[in-house]
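One-letter residues, chain by chain:
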Amino acid sequence: MIRRHARVAAAAALALAGAVAIGGCGGNGSTSIGGPASHTPAVSVATAPGGGTPTVPDGTPSPAGPTSGWGPDMWNGNSGSSMMGGGGGSWGPGMMGNGMMGNWWLPGNGTRVQTLDQARQRATAFADRLGLRVGEIMQFSRNFYAELRTTDGHPATEALVNPTDGAVQIEYGPAMMWNTDYGMHYGSRSQARISATQARSIAQQWLRDHGNTLTAGDPEPYPGYYTLHTMREGKITGMLSVNASNGQVWYHTWHGTYIATSQR
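Computed from a predicted structure; not experimentally measured.

Enquirer: Explanation requested: the packing of aromatic side chains in the structure shown.
Expert: When we look at a pair of aromatic rings, we describe it by the centre distance and by the angle of the planes. Counting across every chain of the model gives six aromatic pairs. On the numbers, 5.3 Å between centres and 70° between planes, the contact of tyrosine 172 with tryptophan 254 is edge-to-face. Placement of tyrosine 172 in the loop between β5 (168–170) and α3 (174–177) and of tryptophan 254 in the loop between β10 (249–251) and β11 (258–262) is noted, with a sequence separation of 82 residues between them. Across the pair, tryptophan 254 and tyrosine 172 agree in class, each one buried.

Enquirer: Teacher, can you tell me more about helix α2 (residues 116–130) here?
Expert: Residue pairs spaced three or four apart in an α-helix point in one direction, given the helix's 3.6 residues per turn. Between its first and last C-alpha atoms α2 spans 21 Å; for 15 residues at 1.5 Å apiece the expected length is 21 Å, and the two agree. Residues of α2 that are buried make contact with β1 (105–106), β2 (133–140), β3 (144–149), β4 (155–161), β5 and β11. Two residues or fewer after α2 comes glycine 131, characterised by a positive phi angle close to 70°.

Enquirer: Please explain helix α4 (residues 196–209) as it appears in this structure.
Expert: A rise of 1.5 Å per residue sets the reference length of α4, with its 14 residues, at 20 Å; its end C-alpha atoms lie 20 Å apart and thus fit the reference within 8%. Of all the residues in α4, the buried ones are Ala199, Ile202, Ala203, Gln204, Trp206 and Leu207. The elements touched by buried residues of α4 are β6 (215–216), β8 (225–232), β9 (235–243) and β10. Immediately beyond the C-terminal end of α4, within one or two residues, lies glycine 211, with a positive phi of roughly 70°.

Enquirer: I keep staring at the sheet that holds β3 and nothing clicks. Help me out?
Expert: In a beta sheet, neighbouring strands are held together by backbone hydrogen bonds and run either parallel or antiparallel to one another. As summarised here, the arrangement of the six strands in space is β1-β5-β4-β3-β2-β11, forming an open sheet in which the pairing is antiparallel. Each edge of the sheet is formed by a strand with only one pairing partner; in this case those strands are β1 and β11. Where β4 lies against β5, three bridges are found, and the strand directions are antiparallel. From the neighbouring strand, leucine 160 faces β5, where its bridge partner is glutamine 169. Its contacts with the sheet place α2 against β1, β2, β3, β4, β5 and β11, and it is angled at close to 140° to β2.

Enquirer: Mind showing me how you'd approach unusual backbone geometry here?
Expert: Leaving glycine aside, a negative phi is the common case for residues, and trans is the common case for peptide bonds. At glutamate 233, a residue that is not glycine, the phi angle is positive and equals roughly 55°. One can find glutamate 233 in the loop between β8 and β9.

Enquirer: Whenever I open this one, the environment of glycine 238 confuses me. Can you help?
Expert: With respect to the helices and strands, the residue glycine 238 is situated in strand β9. Between the alpha carbons of glycine 238 and methionine 138 there is a distance of 9.8 Å; along the sequence they are 100 residues apart.

Enquirer: What exactly am I supposed to notice about the pairing of β4 here?
Expert: Here is the key point about a regular strand: its side chains alternate between the two faces of the sheet. Burial analysis of β4 places seven of its seven residues in the buried class, which makes it a mostly covered element. Count of turn residues in the β3/β4 antiparallel hairpin: five residues, of which glycine 153 carries a positive phi of about 95°. Connecting β4 to the next strand, β5, in antiparallel fashion are six residues, including glycine 166 with a positive phi near 85°.

Enquirer: Would you mind going over the pairing of β3 with me for this structure?
Expert: Counting buried residues in β3 gives six out of six residues, a clear majority hidden from the surface. Side-chain alternation along β3 places Phe144, Ala146 and Leu148 on one buried face and Tyr145, Glu147 and Arg149 on a second face that is also buried. Across five bridges, the pairing between β2 and β3 is antiparallel. Across the sheet, methionine 138 pairs through a bridge with tyrosine 145, a residue of β3. From the end of β2 to the start of β3, which pair antiparallel, there are three residues. Bridge analysis of β3 against β4 gives six bridges, and the strand direction is antiparallel. Looking at the pairing, phenylalanine 144 lines up with valine 161 of β4.

Conventions used here
Residues numbered from 1 in each chain as written. Predicted model: local features only at pLDDT ≥ 70, side-chain atom pairs only at ≥ 80, totals over all residues. Heavy atoms only, no water. Phe/Tyr/Trp six-rings, centres within 6.5 Å; stacked < 30°, edge-to-face > 60°. Helix = DSSP H or I, 4+ residues; strand = E, 2+ residues; numbered from the N terminus. Buried < 20%, exposed > 50% of the residue type's maximum accessible area, 1.4 Å probe, protein only. Expected span 1.5 Å × (residues − 1). Contact = heavy atoms within 4.5 Å. Pairing = 2+ DSSP bridges. Axes fitted to C-alpha atoms, helices over the stretch in contact; angles between N-to-C directions.

The quantities given are spatial measurements derived from coordinates; they are silent on function.
Given below as structure tokens:
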């Protein structure tokens, strides 16, 4: 059990390093609105094993960020969603006992998820455990993405559905590391200094700074951060998130190619 805790802690540390390393549009890797940019220490971040250099959809290399140690490479046709040698979810908060961490993960049922409707069913089974409901579902080549909302319709958090076996988890990256209500630092309340308008400007500047022609869509306000679609000629290509406190940008490198969306 101690070794399992250590592995979970190591995975969390790698993801946090990714959050630090991926900044907004400042020269030091961070963006601050209304004041001087804070210093962000340099952090070496590796890509997931076998993952190579991740790119944004137009082929421009992007920071590896949270793909390190967490994610998409373990979601393949052979290994299902197990990362740490267990028989269940993708990084195994169920190993940590009861409480909030046990709610971040729903084991797969062994059935492949191939359609948006099937992904919605699995996401709903997960959302029910948190007292949430499922909004937008998106299909990518590597996974299904689910937007989870409160019962009164406010964005709560984001989740991923494993197409191999139907396992569901809180999305790694911003939803895990920045979400102040449903993430690893739930209960923390840093000041939200970034407005939705500023978040879109920061995202757009980040895309320009990385030399591609994508545009940032409308920000969706989650607790502690915003998530935005990236667009090309009005069509979705992927997504990124902007920290509402410090303006850091985290590109979602783990989805693969965008396929389709289901609204509800």
